[in-house]
Each structure stands twice: as C-alpha cells, then as structure tokens.
Amino acid sequence: MSKWLAASVLFILLNLMGCASNRMDGDKPPKAMIQIGKQTYETKLGSYCWNTKGQGKCVDTGGPVELLKGKKPIEVRPGEVVTFMMNYYPKPNEFHVIQLSNNNEIEVVVEKNCFTAPTKKGIYFYSYGVWWKDKKEEHVSKGDAFYAFALEIK
C-alpha cells in the first residue's frame with residue numbers, strides 16, 4: 001500500500017509542477033538572443049501581445065528597420081550559421097523569420113532554431129516572430145512577440 005501511496009503523491013506533484021511550468025510569467029515576453037559562432041547578441045523586442053495573471057496587454061511598435069535605427073548591425077561572414085536562443089519555458093511553439101533588404105521581403109527557412117546568413121554583402125534586417133499557441137485550442141494564443149536584429153555581411 002505504501003508503494004501506491006508514494007506513487008500517487010509523486011504523480012500528483014509532477015502534474016502540479018507541469019501545470020505550473022506552463023504559465024506565462026512576467027509582464028512582457030522574454031528576451032530573445034541570437035548566437036553566431038561563440039558570440040551571443042540580444043535582439044530588440046518589438047510589437048507583442050502578452051497574457052499573464054488573467055490580464056492581456058498588447059504593444060505596437062515599428063518594424064525592424066525603425067526599431068534598429070541608429071544601431072550598428074551585427075557583422076557576420078557570408079553563410080555563417082545564426083541560432084535563436086530563448087531562456088524561457090514554455091518555449092514558443094510557432095515562429096516565422098522575415099528578412100528585409102533593399103525593399104525586398106522574404107521568409108527565411110529556419111531548421112532546429114538555426115538559419116544561414118546571406119552570402120551577398122550588405123545589411124539585412126530581420127523580424128523574428130514567435131507565438132505561444134494553446135495546445136488544445138488551435139486558434140488561441142497565450143502570447144506573441146516580434147524581435148528585431150540586423151546583420152551586416154562583410
């Protein structure tokens with residue numbers, strides 16, 4: 001009987017911990033970083049909607065070019081691997097990356113949180129959009145955020 005009691009208590013505790021870790025903490029989305037080689041860089045938080053403690057909040061900003069005006073782009077070599085990092089749980093379960101350059105906008109293919117920097121010299125602006133979608137209700141979002149950064153290919 002004591003084995004069943006211990007197993008039941010352990011099961012209940014694990015369930016409670018799992019539910020608690022699925023909360024959205026903080027009054028705004030977490031920081032997002034990019035890693036290039038061994039160097040880590042912060043991104044700039046842009047527009048977002050965030051739900052925490054039963055309250056929702058949305059903030060609207062300009063796009064990556066406007067957000068990063070006056071900031072020096074991150075210098076990278078052509079074709080270098082860029083990795084997205086976020087020290088937050090739960091992780092976003094949907095994301096999209098848009099690259100802007102010379103009035104052209106393209107969606108970037110991201111695999112395993114990584115993409116390859118362009119090979120052509122120039123300055124490229126990026127919008128990294130992430131969503132925390134409800135796993136049970138497809139059209140319900142617990143939060144979303146857009147992060148901006150710029151790369152300069154030398």
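Just so we're clear, the structure is a prediction, and the values are computed from it rather than from any experiment.

A.B. asks: Would you mind going over the overall build of the chain in detail, with residue names and values included?
C.D. replies: The number of helices and strands found in the chain is two helices and eleven strands. Taken from N to C terminus, the helices and strands of the chain fall in the order α-β-β-β-β-α-β-β-β-β-β-β-β. The buried share of the chain, reckoned over its 154 residues, is 35%. For the chain, the exposed surface amounts to about 10,600 Å²; the carbon and sulfur share of it is 56%.

A.B. asks: Provide a residue-level description of the pattern of salt bridges, including the pertinent values.
C.D. replies: Inspection of every chain in the model, using the stated rule, returns six salt bridges. The residue glutamate 94 makes a salt bridge to lysine 133 at a minimum N-O spacing of 3.7 Å. Within this pair, whereas glutamate 94 is found in strand β7 (residues 94–101), its partner lysine 133 is found in strand β10 (residues 122–133), the two being separated by 39 residues in sequence. Its relative accessible area of 26% is what places lysine 133 among the partly exposed residues. Residues glutamate 152 and lysine 154 are paired through a salt bridge, measuring 3.8 Å at the closest nitrogen-oxygen approach. Connected via shared salt-bridge partners are Lys72, Glu75, Glu152 and Lys154.

A.B. asks: Hey, could you go over the sheet that holds strand β1 (residues 33–36) for me, with residue numbers and the actual values?
C.D. replies: Ordered in space as β2-β1-β6-β9, the four strands form an open sheet in which the pairing is antiparallel. Edge positions in the sheet fall to β2 (39–42) and β9 (114–116), since each of these pairs with one other strand and no more. Neighbour-to-neighbour, the strand axes of this sheet turn through a mean angle of 25 degrees, independent of strand direction. Where β1 lies against strand β6 (residues 81–85), four bridges are found, and the strand directions are antiparallel.

A.B. asks: I'd like a description of the state of the cysteines, backed by residues and values.
C.D. replies: Summed over all chains, the structure comprises one disulfide. Disulfide pairing is shown between cysteine 49 and cysteine 58; the S-S distance is 2.0 Å. Its torsion about the S-S bond being 115 degrees, the disulfide of cysteine 49 and cysteine 58 is classed as right-handed. The class for cysteine 58 is exposed, based on a relative accessible area of 57%.

A.B. asks: So what's going on with the environment of cysteine 58? Residues and values would help.
C.D. replies: If you trace the backbone, cysteine 58 turns up in strand β4 (residues 55–59). A C-alpha to C-alpha distance of 7.5 Å links cysteine 58 and serine 47, two positions eleven residues apart in sequence. The residues contacting cysteine 58, other than those within four sequence positions of it, are Tyr48 and Cys49.

A.B. asks: Could you give me a rundown of the pairing of strand β8 (residues 104–107), with the residues and numbers involved?
C.D. replies: By the bridge criterion, four bridges tie β7 to β8 in an arrangement that is antiparallel. Its bridge partner lying in β8, glutamine 99 is registered against isoleucine 106. The hairpin formed by β7 and β8 contains two residues between the paired strands, and asparagine 102 there has a positive phi angle of roughly 50 degrees.

A.B. asks: If you had to explain the nonpolar core to someone new, which residues and values would you point to?
C.D. replies: Residues Phe115, Trp132 and Leu151 are the most contacted members of the largest nonpolar core, which totals 27 residues. Residues in contact with phenylalanine 115, not counting those within four places in the same chain, are Glu80, Val81, Val82, Phe84, Val108, Val109, Val110, Tyr126, Phe149 and Leu151. The next biggest cluster of nonpolar side chains, apart from the first, holds six residues, and it includes Leu100, Phe125, Ala148 and Ala150.

Reading the values: the criteria
Residues numbered from 1 in each chain as written. Predicted model: local features only at pLDDT ≥ 70, side-chain atom pairs only at ≥ 80, totals over all residues. Heavy atoms only, no water. Helix = DSSP H or I, 4+ residues; strand = E, 2+ residues; numbered from the N terminus. Buried < 20%, exposed > 50% of the residue type's maximum accessible area, 1.4 Å probe, protein only. Areas by Shrake-Rupley, 256 points an atom, 1.4 Å probe, with all protein chains shown as cover. Salt bridge = Lys/Arg side-chain N within 4 Å of Asp/Glu carboxyl O. Pairing = 2+ DSSP bridges. Axes fitted to C-alpha atoms, helices over the stretch in contact; angles between N-to-C directions. Disulfide = S-S within 2.5 Å. Contact = heavy atoms within 4.5 Å. Core = buried A, V, L, I, M, F, W, Y, C linked by side-chain atoms within 4.5 Å.

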